[in-house]
Amino acid sequence: MNTEIEVLLKKAFDAQMSGELERARELLFSILEAIPDHPQANYILGVLEVKNGTRDQALSHLSVARKGNAGMGKEWINYIKYLFVTGELDEAEIAIEVAIRARLEQNEFFADAYNNLGIKQFEGNKLKDAIGSFKKAVVLRANFAGAYNNMGAALIRERQLEDAISSLRLAVDILPNYAEARNNLGAALEQRGDIDLAMDSYKQAWMNNPEYFTPLLNYRNLCVQLLDLNETDFYGDTASTTSMISDSPKYQILAAISDFIQGDIKKVEIGLSRYHELVEMGKAVHMNRADTIFCQAYYLFLGYLIDKNPTDRSSGPYIYHFGDSHCLSYCGCKLVKGSKSYDVTSRVTFGAKAFHFSVKENTSYKAITKRNLGLINPNSVVFVSFGEIDCRYDEGFIPASKKLGKPVEEVIYQTVSAFVEWFNNENLITRHQFFFLNVPAPVYNNELPALANYQVAVVVKTYNSILKIELSNLSIGMVDVYGKTTNDTGFSNGLYHCDGHHLDHRILEHIQQQIDTVNSELL
């Protein structure tokens, strides 16, 4: 009898391994007809029920298997580990739940298992699932700093910033020197618009672990946008730090942007050259996609600008150009009004869209821009250039319209009106002399279908029309670069663009003519 059962068990196992799951199930049930509490047969049936997603049946078979052979519990733990190795996350989650319900005395293992499951789910962008797994991990181990940190990172991605901050603060309460958690806490605080607290958190993360370079990059990123040149106050000038800076492609680009705004063209050239060397050496391959795009775009854009824009910078007076990368286009160039000559200087907010100023909650984009508006003298002349990113095919109004189920014109109107209102409200005290530059005509993108290009052209035209009305209602000046850059099809005429998005100094003669007439009394 035993020999016959062993033969059936081997056949069932072979069928399971070859994917013949129904055949395996038939063989196993034939064993249970003879020996209902057979441990191995029940164990394998439990595994099959996990694959089916039937938790109760899996639990029933595992419980019977353990009664017949206590070692089956350990085998189940090994099965969970195997599921992680093979990346079968849905099955792993069910198997963990079944094990806990079966009261396997492995809470420490299960806490780690749920944390590891959450990490895999996070990497697969299953953020809600990941957060659920991390929550289960900290229930099983209350002082699990790593799971609190991971949960915070997932909550940041989900834009649940308050919950993220709470989770990350728990992580650093448990482990005060936990550099990664302090860096993530800085990221959450930054996104919430708490810039000073974010910078303090990045500093602390760096001091907790000077070999962990990410918080220094994050701190530097804010310094460039705030033109705070004293970041060496907290990291010093050690050989280790100098080496990491020298080998960081993103740091070189951030330094080059800062140096360009300050007019130190020689340093810009050195930074861009070093960035190129690092790329050639393969040092950029580990950057994430967003950083890769950011660095390469600024590398090309700055390389063009240092050849075209003036290298001699005066000490003012200034026209302060606020914007995303577009605010660099005329940095160092001059505009004249009457007897006054102005140097254009930049105040950059990386990646900012008009949308970011239209939302009700505070954001890092608002906080950085607000800080910079408050740091310049009252009644300064300010150019504002946001909105071009919003008009791109895959980044703003067009996908938002589809997601919200609203006409694109409605989305544009709601965004632009709130965007302009935010700047107007921020200006009630400082009383700066605002000139909003509209969005230039889009460059035809040969990588997009004709219909997509047409949609972009319509969006840009609509955005500019609504912007003009909203500014006029508040008596704020607008500089029209669209009219000078468009051809009769609504696309760029190729006269003033230096790449697929940005204008260069050649448009300045038309800007000059307009600031002579638009709200001229303000200048």
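Everything numeric here is computed off the predicted structure, so don't read it as measured data.

The rules behind the values
- Here the residue numbering is sequential within each chain, running from 1 through the sequence in written order.
- At least 70 in pLDDT is required for a residue's local features to be given in this predicted model, at least 80 for side-chain atom pairs to be given and counted, and no such filter applies to totals for whole chains, interfaces and linings, which use all residues.
- Based on all heavy atoms of the structure, the side-chain values leave hydrogens and waters out of the count.
- A pair of aromatic rings is counted whenever rings of Phe, Tyr or Trp (Trp by its six-membered ring) have centres within 6.5 Å, and the orientation is called stacked for planes under 30 degrees apart, edge-to-face for over 60 and tilted otherwise.
- Strands here mean DSSP runs of E at least two residues long; helices mean DSSP runs of H or I at least four residues long; both are numbered from the N terminus.
- Type-normalised accessible area, obtained with a 1.4 Å probe on protein chains alone, sets the label of each residue: buried when under 20%, exposed when over 50%, and partly exposed for intermediate values.
- As a reminder, the over-ring test applies to NZ of lysine and CZ of arginine, requiring each to be within 6 Å of the ring centre and within 35 degrees of the ring normal.
- Two strands pair if DSSP finds at least two bridges between them.
- Each axis is a line fitted through C-alpha atoms, taken for helices only over the stretch in contact, and angles between the N-to-C directions span 0 to 180 degrees.
- Contact criterion: two residues are considered in contact whenever any of their non-hydrogen atoms come within 4.5 Å of each other.
- For our purposes a nonpolar core is just a set of buried Ala, Val, Leu, Ile, Met, Phe, Trp, Tyr and Cys residues, chained together by side-chain atoms within 4.5 Å.
- You can read pLDDT as the predictor saying how much it trusts each residue, on a scale of 0 to 100.
- Oblique is the label for every angle not falling under 35 degrees (roughly parallel), over 145 degrees (roughly antiparallel), or within 65 to 115 degrees (roughly perpendicular).
- By convention the crossing between two helices is left-handed if the near helix lies anticlockwise of the far one by an angle smaller than a right angle, and right-handed if it lies clockwise.
- Note on residue classes: Ala, Val, Leu, Ile, Met, Phe, Trp, Tyr, Cys and Pro are nonpolar, Asp, Glu, Lys and Arg are charged, and everything else, Gly too, is polar.
- Working rule for helices: expected span equals 1.5 Å times residues minus one.

Asks: Account for the packing of aromatic side chains, naming residues and giving values.
Replies: Summed over the entire model, instances satisfying the criterion amount to 21 aromatic pairs. Arranged with centres 6.1 Å apart and planes meeting at 45 degrees, the rings of F357 and F419 form a pair that is tilted. A residue pair is termed long-range when its members are at least 10 positions apart, and F357 in helix α19 (residues 354-358) and F419 in helix α22 (residues 408-430) qualify at 62 residues. Each member of the pair, F357 as well as F419, carries the same accessibility label: buried. Here the aromatic residues F357, F386, F419, W422, F423, F434 and F436 are joined through ring pairs into a cluster of three or more. Across the ring face of F144, the terminal group of R141 is positioned such that the distance to the ring centre comes to 4.2 Å.

Asks: Account for the sheet that holds strand β2 (residues 334-337), with residues named and values stated.
Replies: The six strands are arranged β2-β3-β1-β4-β5-β6 in an open sheet whose pairing can be described as mixed. At either margin of the open sheet sits one strand with a lone partner, and together these are β2 and β6 (477-479). Averaged over all pairs of adjacent strands, the angle between their axes in this sheet comes to 30 degrees, without regard to strand direction. In the sheet, β2 pairs with strand β3 (residues 340-348) via four bridges, with the strands oriented antiparallel. Directly across from K334, in β3, lies its bridge partner D343. Strands β5 (433-437) and β6 of the sheet are contacted by helix α23 (residues 450-473), whose axis makes an angle of about 150 degrees with β6.

Asks: Residues and numbers for the environment of C295, please.
Replies: Relative to the elements of secondary structure, C295 occurs in helix α18 (residues 289-308). For C295 and K250, which are 45 residues apart along the polypeptide, the C-alpha to C-alpha distance reads 6.1 Å. Those residues in contact with C295 that lie beyond four places of it in its chain are P249, K250, I253, Y275 and M287.

Asks: Outline the nonpolar core, supporting the account with residue identities and numerical values.
Replies: Ranked by size, the top nonpolar core spans 71 residues in total, and within it L28, W76, Y79, I80, F84 and I96 carry the most contacts. Among all residues touching I96, those that are not within four sequence positions of it are I80, F84, F110, A113, Y114 and L117. By size, the runner-up hydrophobic cluster in this structure holds 35 residues, among which are I376, V420, F423 and V456.

Asks: Describe in detail the confidence of the model for the protein chain, supporting the description with residues and values.
Replies: Any residue range with low pLDDT should be treated as having predicted coordinates unsuitable for detailed reading. Per-residue pLDDT for the protein chain averages 88, and the proportion of residues at 70 or more is 94%. Confidence drops under a pLDDT of 50 for residues 519-523, and excluding neighbours within four residues, the segment shows 13 contacts in the predicted structure.

Asks: Run through the packing of helix α9 (residues 145-157) against helix α10 (residues 161-174), naming residues and quoting values.
Replies: To describe two helices that pack against each other, one gives the angle between their axes and the distance between the axes. In the contact formed by α9 and α10, the axes pass within 8 Å of each other and the chain directions differ by 160 degrees. By the angle between their directions, the pair α9 and α10 is classed as roughly antiparallel. Between α9 and α10 the crossing geometry is left-handed. Facing A145, Y148, N149, M151, G152, L155 and I156 of α9, the residues of α10 in contact are L161, D163, A164, S167, L168, L170, A171 and I174. When grouped by side-chain class, the residues that make up the contact of α9 with α10 number eleven nonpolar, three polar and one charged.

Asks: Mind laying out helix α13 (residues 214-226), listing which residues take part and the relevant values?
Replies: Here α13 is 13 residues long and its end C-alpha atoms lie 19 Å apart, about the 18 Å a rise of 1.5 Å per residue gives. The buried count for α13 comes to eleven of 13 residues, which makes it a mostly enclosed element. All buried positions along α13 are accounted for by P215, L216, L217, Y219, R220, N221, L222, C223, V224, Q225 and L226. Just past α13, the residue L227 takes up positive phi, approximately 50 degrees.

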